[in-house]
Amino acid sequence: MREEEKIFAGVLFSPGNPELKQIKLRTHNLCSEYNRTFEDETEKRSRLVQEIFGAFGEAGFIQGPMYIHYGVHTKIGDRFFGNFNLTIQDDAPVVIGSDCNFGPNVTIVTPVHPMLPDERRMILDKDRIERHMCYAKPVTIGNDCWFGANVVVCPGVTIGDNCVIGAGSVVVKDIPANSFAAGNPCRVIRTITEADSLKYKPEILGDNIIE
């Protein structure tokens, strides 16, 4: 089994494997190129995001800088917005739905390292060669989600559609659809309902209209 196949199987793999390092190097270099662009270099930025990610939907925008690990393991839907310092460590697959908005410094991580220090340093592979190893768990984020600043999504988490995750949250467990969740560790505060509409808050709505 190739090292990349081991990632998808959820078993230990060697991140120092030459094939994996080549994928990461390519993506890191493309991110560095993106981060050197000006915001109005829209054609160049559009080309780069298509090269970086496994899929990147229509009408998306990433403010930059961004820091993406593999890139090809991440699929992002339409009309995505990512603010400053988006970080995705996508050893395992990351799927982000359409119409998601991320505040500054959102981080998504998928790798998991051994708890014991000896095992973090080295594990013997099938040929009894010492290697640094970890494993990874996929992250799935539904449609129409809003993440506040400094949200961290941990390995193996699924977040349902229409969720709002409060600033500074560390999401370690699944969050059901239509939830407002916040905290460290993140927990569901309540269900989002029609009563949350801004049409019931004229002091905020001003002269705007919600039909």
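For the structure, see preceding data.
We now turn to the structure provided with this report. Everything quoted here is computed from the prediction, not taken from an experiment. (Residues numbered from 1 in each chain as written. Predicted model: local features only at pLDDT ≥ 70, side-chain atom pairs only at ≥ 80, totals over all residues. Heavy atoms only, no water.)

1. Here's the deal with the pattern of salt bridges
- Tallied over the entire structure, the rule returns 13 salt bridges.
- Residue glutamate 19 pairs with arginine 2 through a salt bridge whose shortest N-O separation is 2.5 Å. Here glutamate 19, found in helix H2 (residues 18–35), pairs with arginine 2, found in the segment before helix H1 (3–9); they are 17 residues apart in sequence, far enough to count as distant.
- One salt bridge connects glutamate 3 with lysine 6, and the closest N-O pair in it is separated by 2.8 Å. Remark: lysine 6 and glutamate 3 occur in helix H1; sequence separation between them is 3 residues, near one turn of the helix.
- With relative accessibility at 14%, the residue glutamate 3 sits in the buried group. (Salt bridge = Lys/Arg side-chain N within 4 Å of Asp/Glu carboxyl O. Helix = DSSP H or I, 4+ residues; strand = E, 2+ residues; numbered from the N terminus. Buried < 20%, exposed > 50% of the residue type's maximum accessible area, 1.4 Å probe, protein only.)

2. Section: unusual backbone geometry
- The omega torsion across glycine 64 and proline 65 is 0°, close enough to zero to call that bond cis.
- Within the element layout of this structure, proline 65 appears in the loop between strand E2 (61–62) and strand E3 (66–68).
- Omega for the bond connecting asparagine 184 with proline 185 falls within 30 degrees of zero, at 0°, which places this linkage in the cis form.
- Locating proline 185 in the fold gives a position in the loop between strand E20 (179–182) and strand E21 (187–191).
- Its identity is not glycine, yet arginine 79 carries a phi of approximately 55°, on the positive side.
- Within the chain, asparagine 85 stands out as a residue other than glycine whose phi angle is a positive 65°.
- Among the structural elements, asparagine 85 can be located in the loop between strand E5 (81–82) and strand E6 (86–89).
- The exposure class of asparagine 85 is partly exposed, given its relative accessible area of 26%.

3. Description of the packing of aromatic side chains
- In this structure the tally under the stated criterion is 5 aromatic pairs.
- Ring geometry for phenylalanine 53 against phenylalanine 56: centres 5.6 Å apart, planes inclined by 20°, an arrangement best described as stacked. Each member of the pair phenylalanine 53 and phenylalanine 56 is classed as buried.
- Centroid distance phenylalanine 56 to phenylalanine 80: 6.5 Å. Interplanar angle 85°. Geometry classified as edge-to-face. Remark: phenylalanine 80 occurs in the loop between strand E4 (74–76) and E5 and phenylalanine 56 occurs in strand E1 (residues 55–56); sequence separation between them is 24 residues. (Phe/Tyr/Trp six-rings, centres within 6.5 Å; stacked < 30°, edge-to-face > 60°.)

4. Things to note about the sheet that holds strand E9 (residues 107–109)
- The sheet built from 5 strands is open, its strands ordered E3-E6-E9-E16-E19 with parallel pairing. On the outer flanks of this sheet lie E3 and strand E19 (170–171), each paired with one strand and no other. (Pairing = 2+ DSSP bridges.)

5. Considerations on the environment of glutamate 51
- By secondary structure assignment, the location of glutamate 51 is in helix H3 (residues 42–52).
- Linking glutamate 51 and cysteine 31, residues 20 residues apart in sequence, is a C-alpha distance of 9.8 Å.
- Beyond its immediate stretch of four places on either side in the chain, glutamate 51 contacts Arg26 and Leu30. (Contact = heavy atoms within 4.5 Å.)

6. A look at the packing of H2 against H3
- At their nearest, the axes of H2 and H3 sit 10 Å apart, and the two run at 165° to each other. Compared by their axis directions, H2 and H3 come out roughly antiparallel. In terms of crossing hand, the pair formed by H2 and H3 is left-handed. Side by side, H2 and H3 meet where Arg26, Thr27, Leu30, Cys31, Glu33 and Tyr34 of the first sit next to Lys44, Arg45, Arg47, Leu48, Val49, Glu51 and Ile52 of the second. (Axes fitted to C-alpha atoms, helices over the stretch in contact; angles between N-to-C directions. Parallel < 35°, antiparallel > 145°, perpendicular 65-115°, else oblique. Left-handed = near helix turned anticlockwise from the far one by under 90°.)

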